[in-house]
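Here's the letter readout for the chains.
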Amino acid sequence: MKQTVLCFTMLLLLSGSAFAQRGLSCNAVFRGKVVPPQRMVTTEVRGGGMATYKLDYYKGVTFQVDTATALKVAALVAADTGAARSVQTEMTGELMTYALVELKPDGKIKRYLCYQARPSGPIWKVTLLYLEGIATLEDLNSMFEKQENDK
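Now for a look at the structure at hand.

Rules of the game
Residues numbered from 1 in each chain as written. Predicted model: local features only at pLDDT ≥ 70, side-chain atom pairs only at ≥ 80, totals over all residues. Heavy atoms only, no water. Helix = DSSP H or I, 4+ residues; strand = E, 2+ residues; numbered from the N terminus. Buried < 20%, exposed > 50% of the residue type's maximum accessible area, 1.4 Å probe, protein only. Contact = heavy atoms within 4.5 Å. Areas by Shrake-Rupley, 256 points an atom, 1.4 Å probe, with all protein chains shown as cover. Salt bridge = Lys/Arg side-chain N within 4 Å of Asp/Glu carboxyl O. Pairing = 2+ DSSP bridges.

Structural notes on the overall build of the protein
Move 1: A count of helices and strands for the protein gives four helices and six strands.
Move 2: In the protein, which comprises 151 residues, the share counted as buried stands at 36%.
Move 3: Considering only intrachain contacts with a sequence separation of at least 6, the fraction spanning at least 24 residues in the protein is 50%.
Move 4: As presented, the protein carries roughly 9100 Å² of accessible surface, and 56% of it is formed by carbon and sulfur atoms.

With respect to the pattern of salt bridges
Move 1: Inspection of every chain in the model, using the stated rule, returns two salt bridges.
Move 2: Ionic pairing is found between Asp139 and Lys54, a salt bridge with its closest N-O pair at 3.5 Å. One end of the pair, Asp139, is in helix 4 (residues 137–150); the other, Lys54, is in the loop between strand 1 (41–46) and strand 2 (55–65), and 85 residues separate them in sequence.
Move 3: With a relative accessible area of 39%, Lys54 lands in the partly exposed category.
Move 4: With a closest N to O distance of 4.0 Å, Arg85 and Glu102 form a salt bridge. Taken together, the residues span a long stretch of sequence, with Arg85 in the loop between helix 3 (67–80) and strand 3 (86–92) and Glu102 in strand 4 (residues 95–106) at a distance of 17 residues.

Digging into the pairing of strand 5 (residues 109–120)
Move 1: The pairing of strand 4 with strand 5 spans seven bridges and is antiparallel. When the sheet's bridge partners are listed, Leu103 is paired in strand 5 with Arg111.
Move 2: Taking the residues that link successive antiparallel strands as the turn, the strand 4-strand 5 hairpin has two residues, and the phi of Gly107 there is positive, at about 70°.
Move 3: One ladder, built from 11 bridges, connects strand 5 with strand 6 (residues 123–133); its direction is antiparallel. Bridging across to strand 6, Ala117 finds its partner in Val126.
Move 4: Hairpin connection between strand 5 and strand 6: a loop of two residues separates the two successive antiparallel strands, and Gly121 in this loop has a positive phi of roughly 70°.

Structural measurements only, silent on function.
Right, dumping it as structure tokens:
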């Protein structure tokens, strides 16, 4: 009986994270509909390990794509900025290369979409993050600034 309850609880937790990005155009990227899952590095963290960053949930995907696919991903990110509370973006020509999007909160939980595309010859390295927690935009900006300075 305990195993059944444990399995049911785990299923509920996993299904909650699967729906975290629901309603976002970028969900197609996270679900492997734009870039095949086997070509993406996916990281997903929920819980206490994220408390230092004032986050409860982190999901990130990183992949390398051609310019056409990079443009498609950037268009999905741009579509999600329409109903956002705040948006910071940078462009290189017609391609969005950076975005920090504060999405509408889910109750008291703040939600963010972070995107970066970097050229490497004819290929683009793309990183897309979905974050939930109490972190503010200032917290995220200082976190990302620190990481860039560490390189």
